[in-house]
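Overview (structure and organization)
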Amino acid sequence: MLRAHVLSASNLPNAESVGKSDPYVTTVFQGVKRKTTVKKGELNPEWNEKLEWELTGKAPSAEEKLEMLVKDYDHIGRNRLLGKTTILLRNLMSGQGPQDLELQLVDHDQRPTTGMLRVRMEYTPPKVAAPAAGPAAGAAGSKSGTNVAGGTRAVGSYEAIQTTSSGDIVMGQGAEYSAALEHLGAGPRYRDLLPNKETKFQVRVKVVEGRGLIGSDLNPTCRVSLGNDGKSTRVQKATCNPWYDEIFFFYMKKLPSEVWDTPVEFRVCNSRMLRSKVVLGVFKLDLGTVYDQPLHAFVNKWLALTALDEDAGGVMGYLKVSIAIMGPNDECPNLKPPGNAEQEDVEQNLLFPAGLRLAPAGFHLSVYQAEDLPRMDTGALSTVKKVLGFGSVSSKQLVDPYFVFCFAGKEVQTPVVYSTDHPDFKQRLHLGFQFPAFANKLKLLLKDWDRVSDSDLIGTTFIPLPSISVAGEDGFLPTFGPCFVNFYGSTREFSIFGKDDQETLDEGEGEGCAYRGRCLVALRTTVGEFPNVASEPIDFEDGLKIDSFLRRRKYLVHCAFEDATMVSEVDKPVEFEVSMGNYGNKFEDSVMPSPSFTQPTNAVFDGCMYYFLPWSGAKPCVTVHCQWEDISHRLHTLNMLLMTVETLKRSLAALRTSIQAAKGAEELAAEFVGVCDQLLRNCRIPLPTPEPHVQSTNLLDNLLFGQRRAKLDNIIKGVLQLRETATDLEEAADQLEEYGATLRDLAVEPQNSMPDIIIWMLSGKKRLAYCRIPAHTILYAGDERQSGADCGRLQTVQLKFPGARPNKQKIPALLRVRLWLGKEQESKAWIAGHRDAETVVYAETYENQSSIAGHWVTKGPTMTRAQPHITHPTALGGQPAAALTPCYGRLLRSLFYEADAGHSTYLEDVFENENRCQLAAGCRRSRSGRTGNDAWTVDLNRAVDEEGWEYCVESTLGGYGPVDKLYHLCRRRRWVRPRTMVEKVKAQQTEADKEGWEYAPLFGLKFHARERKMDMVRRRRWHRKLVMSTHSVPQLPIFRLKDPDSEVVHLSCPKMYLVHTMEQQYQLRAYIYQARDLLAGDKTGFSDPYACVSFLNFSQRTERGRATLCPTWDQTLLYDDLTIHGDPMFILEQPPQVIIEVFDHDTYGEPEFLGRAVATPTVHLDPTSGWGRERAYLKPSERGELSDRPYHGELLASFELYCKVSELPFLPPTKKGGTLYYVPSGIRPVLQRTAVEVMW
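The structure presented is a predicted model; accordingly, all values stated were derived computationally and were not measured.

1. Points about the overall build of the chain
Looking only at helices and strands, the chain has 14 helices and 63 strands in total. Relative to all contacts within the chain whose residues are 6 or more apart in sequence, the contacts with residues 24 or more apart total 70%. When the accessible area of the chain is evaluated, it comes to approximately 59100 Å², of which 51% is carbon and sulfur surface.

2. Some thoughts on the confidence of the model for the chain
With 79% of its residues at a pLDDT of 70 or more, the chain shows a mean pLDDT of 80. Across the chain, the secondary-structure element scoring lowest on mean pLDDT is strand S10 (residues 152–153), at 28, and the one scoring highest is strand S31 (residues 575–580), at 95. Note on residues 388–396: pLDDT is under 50 here. Beyond four places in sequence and across chains, it has 13 contacts. Confidence drops under a pLDDT of 50 for residues 918–932, and excluding neighbours within four residues, the segment shows 38 contacts in the predicted structure.

3. Some thoughts on helix H10 (residues 699–725)
Here H10 is 27 residues long and its end C-alpha atoms lie 40 Å apart, about the 39 Å a rise of 1.5 Å per residue gives. Residues of H10 that are buried: Leu700, Asp701, Leu704, Gln707, Arg708, Arg709, Leu712, Ile715, Ile716, Gly718, Val719 and Leu722. With a side-chain oxygen positioned 3.2 Å from the backbone nitrogen of Leu700, the residue opening H10 is Asn698.

4. Side note on the packing of helix H8 (residues 632–660) against helix H9 (residues 665–683)
Remark: H8 packs on H9, axes separated minimally by 10 Å, with the N-to-C direction vectors making an angle of 175°. Accordingly, the angle class assigned to the pair H8 and H9 is roughly antiparallel. Mapping the contact onto sequence places Met643, Thr644, Thr647, Leu648, Ser651, Ala654, Leu655, Ser658 and Ile659 in H8 and Leu668, Glu671, Phe672, Val675, Gln678, Leu679 and Asn682 in H9. Partitioning the contact of H8 with H9 into residue classes produces nine nonpolar, six polar and one charged.

5. A short note on the side chain of Ser851
Secondary-structure assignment places Ser851 in strand S39 (residues 837–852). The class for Ser851 is buried, based on a relative accessible area of 15%. Apart from residues lying up to four places away in sequence, Ser851 is in contact with Trp856, Asp1015 and Met1016.

6. Describing the packing of aromatic side chains
Scanning all chains against the criterion turns up 20 aromatic pairs. Judged by centre distance (5.9 Å) and plane angle (70°), the ring pair of Phe1143 and Phe1153 falls under edge-to-face. Placement of the pair is Phe1143 in strand S58 (residues 1138–1144) and Phe1153 in strand S59 (residues 1152–1159), with a sequence separation of ten residues. The pair formed by Phe1143 and Phe1153 is uniform in burial state, with each residue classed as buried. In textbook terms, an aromatic cluster arises when at least three aromatic residues are bridged by ring pairs, as seen for Phe363, Phe405, Phe407 and Phe433. The lysine or arginine in question, Arg772, covers the ring of Tyr488, its NZ or CZ lying 3.9 Å from the ring centre. For the cation-ring pair, Arg1018 lies above Trp997, with the distance from its terminal atom to the ring centre recorded as 3.8 Å.

7. Some thoughts on the pattern of salt bridges
Here the structure, examined in full by the defined rule, presents 53 salt bridges. Between Arg3 and Glu122 there is a salt bridge, and its shortest N-O distance comes to 2.6 Å. With a gap of 119 residues between them, Arg3 in strand S1 (residues 2–10) and Glu122 in strand S8 (residues 112–123) connect regions that are remote in the sequence. Just as Arg3 is buried, Glu122 falls in that class too.

8. Remarks on the sheet that holds S59
The strand order across the open sheet formed by four strands is S56-S55-S58-S59, and the pairing between neighbours is antiparallel. The open sheet terminates on both sides in strands that have one partner only, identified here as strand S56 (1098–1101) and S59. Direction aside, the axes of adjacent strands within the sheet are offset by 20° on average. The pairing of strand S55 (residues 1089–1095) with S56 spans four bridges and is antiparallel. Note on S56: the bridge partner recorded for Cys1092 is Arg1101.

9. Considering the environment of Leu1220
Mapping Leu1220 onto the fold places it in strand S63 (residues 1220–1221). For the pair Leu1220 and Leu1117, spaced 103 residues apart in the sequence, the C-alpha separation amounts to 8.0 Å. Setting aside residues no more than four positions away along its own chain, Leu1220 makes contact with Glu1103, Gln1115, Pro1213, Thr1214 and Lys1215.

10. Notes on the pairing of strand S54 (residues 1063–1076)
For S54, the buried fraction is high: ten of the 14 residues fall into the buried class. Sheet analysis places S54 next to strand S57 (residues 1112–1125), joined by ten bridges and oriented antiparallel. When the sheet's bridge partners are listed, Gln1064 is paired in S57 with Ile1124. Of the pairings in the sheet, the one linking S54 to strand S61 (residues 1194–1203) comprises ten bridges and is antiparallel in character. Within S61, the residue paired with Ile1072 across the bridge is Ala1197.

11. Side note on the nonpolar core
Note that soluble globular proteins tend to have their nonpolar side chains buried in a common cluster. Grouped together as the largest cluster of nonpolar side chains are 43 residues, with contacts concentrated most on Phe403, Phe405, Phe407, Leu442, Phe480 and Cys519. If one sorts the elements of this core by residue count, strand S21 (residues 359–371) sits on top with five residues. Non-local contacts of Cys519, meaning those with residues more than four positions away in its chain, are made with Val367, Gln369, Ala370, Phe403, Phe425, Cys483, Phe484, Val485 and Phe487.

12. Quick word on the sheet that holds S31
Strand-to-strand pairing in sheets goes through backbone hydrogen bonds, with the strands running parallel or antiparallel. Strand order in the open sheet made by the three strands is S31-S35-S36, with antiparallel pairing throughout. The sheet is open, and its two borders are formed by S31 and strand S36 (766–773), each paired with just one other strand. Adjacent strand axes in the sheet meet at a mean angle of 25° when their direction is disregarded. In the sheet, strand S35 (residues 757–763) pairs with S36 via seven bridges, with the strands oriented antiparallel. Residue pairing for S36: Ile758 is matched across the bridge by Arg772.

13. Structural notes on empty space enclosed by the protein
According to the stated counting rule, one finds 14 cavities of 30 Å³ or more in the structure shown. In this structure, the largest cavity occupies an estimated 150 Å³ of space. Lining the largest cavity are 16 residues, with Phe549, Glu629, Asp630, Ile631 and Ser696 sitting closest to its centre. Of the residues forming the lining of the largest cavity, the biggest block, three residues, is contributed by strand S27 (residues 480–489). Its residues assigned to classes, the lining of the largest cavity comprises seven nonpolar, four polar and five charged. What the second largest cavity holds in volume is close to 90 Å³. If you go around the second largest cavity, the residues you meet are Thr491, Arg492, Glu493, Ala514, Tyr515, Glu577, Ser579, Gly581, Asn585, Ile758, Trp760 and Arg767.

About the cut-offs
In this numbering scheme, every chain counts its residues from 1 along its sequence in written order. In keeping with the predicted nature of the model, local features appear solely for residues at pLDDT of at least 70, side-chain atom pairs appear and are counted solely at 80 or more, and the whole-chain, interface and lining totals rest on all residues. Computation of side-chain values: all heavy atoms of the structure, hydrogens and water removed. Where helices and strands are cited, they refer to DSSP runs of H or I of at least four residues and of E of at least two residues respectively, numbered from the N terminus. Residues count as neighbours in contact if any of their non-hydrogen atoms are within 4.5 Å of one another. With residues, only the protein chains shown are counted as cover, and all accessible areas are computed by Shrake-Rupley using a 1.4 Å probe. pLDDT gives the predictor's per-residue confidence on a scale running from 0 to 100. By this rule the span expected of a helix is its residue count minus one, scaled by 1.5 Å. Categorising residues by exposure relies on relative accessible area from a 1.4 Å probe, with only protein chains included: less than 20% of the type maximum marks a residue as buried, more than 50% marks it as exposed, and the intermediate range marks it as partly exposed. Counted as a polar contact is a pair of N or O atoms within 3.5 Å, where, for protein atoms, one must be capable of donating a hydrogen and the other of accepting one, and residues adjacent in sequence contribute only when both atoms are in side chains. As a rule, the C-alpha atoms of each element are fitted with a line to give its axis, helices using only the stretch in contact, and angles between N-to-C directions run from 0 to 180 degrees. Any angle that falls under 35 degrees is termed roughly parallel, while one over 145 is termed roughly antiparallel, one within 65 to 115 roughly perpendicular, and all others oblique. Throughout this entry, Asp, Glu, Lys and Arg are counted as charged residues, while Ala, Val, Leu, Ile, Met, Phe, Trp, Tyr, Cys and Pro are counted as nonpolar. The remaining residues, Gly among them, count as polar. A pair of Phe, Tyr and Trp rings is counted when the ring centres sit within 6.5 Å of each other, with Trp represented by its six-membered ring. The angle between the planes then sorts it: under 30 degrees is stacked, over 60 is edge-to-face, the rest tilted. Charge-over-ring placement is defined geometrically: NZ (Lys) or CZ (Arg) within 6 Å of the ring centre, and within 35 degrees of the ring normal. Definition used for salt bridges: Asp or Glu carboxyl oxygen within 4 Å of a side-chain nitrogen of Lys or Arg. A pair of strands is treated as paired once DSSP finds two or more bridges between them. As used in this record, nonpolar core signifies buried Ala, Val, Leu, Ile, Met, Phe, Trp, Tyr and Cys residues forming a set joined through side-chain atoms within 4.5 Å. A cavity here means a set of 1 Å grid points, computed over protein atoms only, where a 1.4 Å probe fits but cannot escape. A pocket is an open set with protein on both sides within 12 Å along at least 5 of 7 lines, and lining residues have an atom within 4 Å of a point. Grid points are joined across faces, edges and corners, and a volume is the space filled by probe spheres set on the points.

See the structure below:
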């Protein structure tokens, strides 16, 4: 029986305009409604009434809730709500006895009211009557059959409880199941229905996955033992949450009585050794328990693993399995895992040994505030909301957010905060769970409430429990914050048509491509009882405690773009944007502007396969001004630990290479001691501490500091002992690798509240590709050991297409950039790091003219307010730059290359247009330096009629079709002519080129460098160098562009460039010898592979192999006269990468992508120093797997970059008439003929 003793209420809100409310309490449980009497005219009523529900043999679930409504009784009209509250039954079901609760009431919108309700809850487990025994009551294989286990009858369905005759297995948790056991009656079991004669059985065991295994650097495998027979899963490397998905079959022919007593053991071990001390956890049961279940199976059950030593208590992890026993005429149930694991209620689907009880516990998540949320609604839908009375609507902040906290299939949420992108939630969410926790991560969601449609997801983030808690005697419960957590997902720009290809990113699937906001939260964990309420408001005093965590510091993000190659967008100008949070996003108007994007530039063909941006010695440089809380003490600690890990990794690789090379014992011993000494020096470095009164710390910071220091001290003791006692270098190296794994576990910072830096490639307002870079990797610190690994360093960044399943076969763009993040007062370090370049700032302006009667003038029909005589290129909406005047200083053209630049063959086309009233033929012309292969021909390889015409109503509307209709007024056909380069002509600058004009038919259309007959407007861009008036911290000027008609002021920033003072000519030699184990691209099982090698702005391809998966090209590709800007010493330290892509040639259609590899060339600043030496053809560290998938083959190649300061080494020998080069003998691998003998 469930009894709610409603005692009284106080401070109820008055819903009556005259007099006082008439309150009563009403509630519904399991479809049965109960209510109290009505108290007339009383705002502090006392009922002292009992509401009871008979459970009729079915125990309620621990997840059920009881919602109590306090209403105002009205004789006329509906009864109005005064307040409501929700009571979780979990604590009541756990056998803790009656509970006296005083609950705060909330309104319809979950906002707290002044009312309080006092209730006393009582629960008495139901008595279960035993149904009639007999075969009909428990037919084998029947889902509705009686579930019997170990001589006792289960309560309700078989999901409620399972136990063996010896009490080994219990399903579910809590005293509710123990209380149910007391009322179980005797009855038949499925095993009793089979005759006791020798029978054949098949046992299927499916091991799906494991979670929460205790330990570090684990390589877990699961051993399934059935009697004396055992089978093992594959070994999963370096994970505490292995995924197996393997099924095993066991066959038995025994008496059923012998089968039922056969034990089944699941043993999860660390695969490094086969000793008992590395057993992570075990679970045992007998086959009789399994056979007694409906369908004779446990399907997708979680097993609570315990220690092998019975004296050691506690859960060591969880294992998800399915077990099915098939006897005569039995069918195997579906063992497929559920599709949506996130919504699986695992605590109600758990098996654990008898005597092991999980303690009740609760997560208490304080949700303070959120900021930077994106727009989620259109203005039209917001107007509908306002008309329907669903809250006021702001025209700028079209989002109604609320916060959702999820764990192990359960969730709780905050009330909705209307019409704001920076809501103050001030709510504390409570979520009960069984300790130790089964799931290994907390799920946090931000959603946008919508009454008209379903709520939209703003973003999702996860907090891994292992990173905010430590198991063991010296460990601590999960704790977090107060700290901001960042949300990532789809692009921030709102689209009324949705973003189908990116919506799964908001659900946490894949890598989020854009920043979606952040939320300030704090987490505490208690053990001993379940929470009584789902949520409650945060006290005012508790809200004041977070003020110290909201202090902001000014930061700068610098990014210098050196090269942009392999650009996929070739038809429109592209630009690159750097953002951190909302700062730097050119479409956001809520923050101050920053020069965060480059000048739009058209991509140019490199002559072989790819496109690049023609940046010269003046490289675009962008800066993002932002403000974040100072957490440098956390990130500096993280960088220092990562530096220690990488140093140890490189040292161990060199040590193992020396061991393989069989060097002398003394030399190896000295190298081993050097590795130990280096590790000791790094571990003894004091961990960074927060700056007093500047950087705020929380409980987790202090706990992690103590854990890290203790682990480092243990490593120091172990290394000292190893250095003195090591006798076998192989074993010593293995021990050092274990220390490295411990350091990797320490190098995790869960409270990294700084958003990632995101580089976007844009074309107009469309975002094409992106790359996310963690902030800590480029963070500057005065101590180099605490700086990010890539801070100020030249690195190669590969962009990705947005989406949960991006196209990995094509690279959107490849960038060489320098990134730097630091405080504003530290920005001089960025400038000092460019000893070979100068950072300059240019104010830009365009000079515009139009053509009238063949004369270029500054006034005319095309010169409107949107395009005056002088405009600023970054002015929004084409507004005039009133604050700028024409400054004829440094001149740069934005377009220099024609569309056919770089092509050896080019298909020129032109359209012939006609309408029913006027004939307008297209222009036909040819260019010098090329020759036409054939005369102009009509392109019939399109949806056209037999003469090549296509028809439409209006040419400006498009929609051409091949059939002529009476209402069609326009038609066109395409003329094409292939052109072939007959001679390379060096570019010459004419007088017109020196003037720097760009031409177009109208403003807003694509500009080109040469004037055409249809061009009616032209422009040229002027630069003026800006110089700082003082020598203090560099400040960025901001222009205020004011429209004199509308009085609208737009803010804009000038462009920045990194002008190199040094440049040098280089030659790259790419030795492409062989590929192995390529994928089959043709239906014959073979491919016709060729390799395309890209380096900076140039690319070349090898010969094509014929019907092979292991082609031997034996070819050297020469890249001569490469101009690389910058100090050669920088190039030596950080050379550009070489990208090798392998394709399968097809006679028809596009080549099929087979794989990709990345290599770093060996740089020779003095070409003569390398003469005569023997070169390795490919070091093991350079052997890259093709593509991003696990294995697509191997490539045997080597690359050398020579600085052309003196005479270069001789060229390799040529083949095929001197057009191609072999791989030289010093680099060509030495082959040996071998034979394989197969004996049958």
